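Structural overview for review
This is what each chain is made of:
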Amino acid sequence: MKKPDNPFVLNTYHGKAYFCDREDDLIALQEHIKNGRNVVLYAWRRLGKSALVHRFFEELEGSGDYETLYVDFLGAISIEDAIKELSSAVFERFGKNKSGINATIQKLISSIGATISFDPISGTPTLNLGLSPSGNEEQSLHALGEFLDQRKKRVVVAIDEFQQVATYSETNAEAMFRTWVQKFPSIRFIFSGSHRGMMAEMFLEKNRPFYLSAQLLSLDPIPFEKYNPFIQAHFGAKRKVISEEIVKSILDWSRGQTYTIQLICNYLYAQCQEVKEVDVQRVKTDILAQQQAIFANFPKMLTKTQWKVFQAIAKEEPLRNPLSKEFISKYRLGAASTVSTAIKSLQKQELVIEDDGVFLVHEVLLARWMARL
Ligand SMILES: Nc1ncnc2c1ncn2[C@@H]1O[C@H](COP(=O)(O)OP(=O)(O)OP(=O)(O)O)[C@@H](O)[C@H]1O
Ligand SMILES: [Mg+2]
């Protein structure tokens with residue numbers, strides 16, 4: 001992997017040197033996988049679920065005992081798309097070697113109704129999907145599972161944004177995946193998703209196919225004791241200076257959200273030799289200004305009451321009792337029942353979350369932007 005230009009990377013995973021802590025989570029993942037347990041990795045947004053999976057997979061691959069497959073369902077809006085994602089991932093990972101395409105992958109390709117074409121100049125093979133008639137999903141899944149099952153090494157599959165499956169119009173999509181997972185007990189699965197509520201429902205509701213079928217691993221913010229030395233070390237390596245107090249204030253303002261911490265540190269590292277409080281203020285303002293165009297859409301997406309309540313929650317953080325008289329009258333929100341309905345709707349969309357008895361605007365930067373309005 002190329003060395004990043006800035007040690008505070010902003011897109012998933014760039015290798016161990018740019019990845020802070022998560023040692024306990026890695027141990028927990030190891031234990032689960034080594035002992036034949038599938039895992040659900042869940043957390044609030046942008047805390048580092050996907051990056052952790054990549055970090056863990058690097059470790060597994062390095063051990064020489066495992067092969068890993070990472071699949072992202074974010075863009076997969078139907079079961080067909082999901083199977084395409086899986087097939088492409090399998091092909092990318094296992095399909096190409098120096099001697100061309102081996103017989104097993106050839107067999108797999110024809111059984112999922114795909115074809116291969118070769119780049120006329122480089123000779124690189126590409127997988128063409130979308131030829132399989134619908135209704136063949138189970139067969140395709142089976143063929144993919146069989147292929148993975150027959151690898152010499154144990155295979156660990158991570159499906160990111162797995163909550164997408166719950167949104168497919170085919171009502172049996174979840175059950176189909178559940179059956180698939182059960183059919184291949186020697187393949188290990190990690191399910192991860194950015195919609196924590198939906199993931200929890202899929203795995204914790206009694207009438208759902210995946211009910212209690214995997215171990216839940218919840219990610220928390222990286223603690224100051226771990227993040228501070230990491231930040232200090234990267235600044236120090238370039239003889240840059242940042243005080244502990246400033247680091248602490250960044251972690252607080254970011255509410256521990258890894259992405260926001262990384263973003264602020266990325267800017268400060270680029271701009272400063274010795275970070276001062278004014279620099280932090282400037283960077284925060286710049287970051288919020290850049291998001292302005294996106295944030296400005298929120299009032300349009302919500303009803304008037306929802307927007308008022310949403311904004312009040314941002315300003316009041318940390319809010320313990322959204323139905324208290326003080327809160328409602330301070331922000332002139334009207335009847336408690338209206339506020340309650342608005343909050344329920346905001347929670348359903350995960351715009352507002354309840355964490356440890358506190359109501360919060362989920363997206364930290366959005367919360368900070370609204371608080372300034
Ligand atoms: N342990 C870490 N050390 C340093 N940076 C990290 C770490 N974990 C995540 N990051 C960075 O934080 C950001 C968010 O991480 P990531 O995309 O993995 O989060 P996520 O929980 O999968 O987010 P989403 O909810 O959007 O799926 C990325 O920019 C990533 O590079
Ligand atoms: Mg992610």
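Structure shown above.
Quick caveat, the model's predicted, so the values are computed rather than measured.

**Side note on the sheet that holds strand E6 (residues 188-193)**
- The 5 strands are arranged E2-E5-E6-E1-E7 in an open sheet whose pairing can be described as parallel. In the strand order of this sheet, the two ends are held by strand E2 (66-72) and strand E7 (215-218), each with one partner. Between one strand axis and the next, the sheet turns by 20 degrees as a mean value, whatever way the strands run.
- Note: strand E1 (residues 39-42) against E6, 4 bridges, orientation parallel. Of the residues in E6, the one forming a bridge with Val-40 is Phe-191.
- Of the strands in this sheet, E1, E2, strand E5 (154-160), E6 and E7 touch helix H1 (residues 23-34), which is tilted by about 170 degrees from E7.

**Points about the nonpolar core**
- In terms of nonpolar packing, the biggest core is built from 53 residues, with Ile-231, Ile-242, Leu-268 and Phe-310 touching the most fellow members.
- Mapping this core onto the domain boundaries places at least three of its residues in each of domain 2 (224-294) and domain 3 (298-371).
- Excluding residues within four positions of it along the chain, Ile-242 makes contact with Ile-231, Gln-232, Phe-235, Val-247, Ile-250, Leu-268 and Val-275.

**A word on the site of ligand 1**
- Taken together, the neighbourhood of ligand 1 is formed by 21 residues, with Thr-12, Cys-20, Arg-45, Ser-50 and Ala-51 sitting nearest.
- The contact in question runs from an oxygen atom of ligand 1 to an N or O atom on the backbone of Gly-48, over 3.0 Å.
- In this structure, an oxygen atom belonging to ligand 1 sits 2.8 Å away from a side-chain N or O atom of Lys-49.
- Here ligand 1, which alone exposes 630 Å², has 93% of that area covered by the protein.
- Of all the secondary structure elements, the ones that give two or more residues to the shell around ligand 1 are helix H2 (49-63) and helix H10 (258-271).

**Describing unusual backbone geometry**
- Put simply, Glu-317 and Pro-318 share a cis peptide bond, and its omega is 0 degrees.
- A positive phi angle is found at Arg-46, which is not glycine, with a value near 55 degrees.
- With respect to the helices and strands, Arg-46 occurs in the loop between E1 and H2.
- Its identity as a non-glycine residue notwithstanding, Asp-356 has a phi of 55 degrees, on the positive side.

Criteria and thresholds
Residues numbered from 1 in each chain as written. Chains lettered and ligands numbered in written order. Predicted model: local features only at pLDDT ≥ 70, side-chain atom pairs only at ≥ 80, totals over all residues. Heavy atoms only, no water. Pairing = 2+ DSSP bridges. Helix = DSSP H or I, 4+ residues; strand = E, 2+ residues; numbered from the N terminus. Axes fitted to C-alpha atoms, helices over the stretch in contact; angles between N-to-C directions. Contact = heavy atoms within 4.5 Å. Core = buried A, V, L, I, M, F, W, Y, C linked by side-chain atoms within 4.5 Å. Buried < 20%, exposed > 50% of the residue type's maximum accessible area, 1.4 Å probe, protein only. Domains from an automatic or database assignment. Near = heavy atom within 4 Å. Polar contact = N/O pair within 3.5 Å; in protein donor to acceptor, adjacent residues only side chain to side chain. Areas by Shrake-Rupley, 256 points an atom, 1.4 Å probe, with all protein chains shown as cover.

In short, geometric facts, not functional conclusions.
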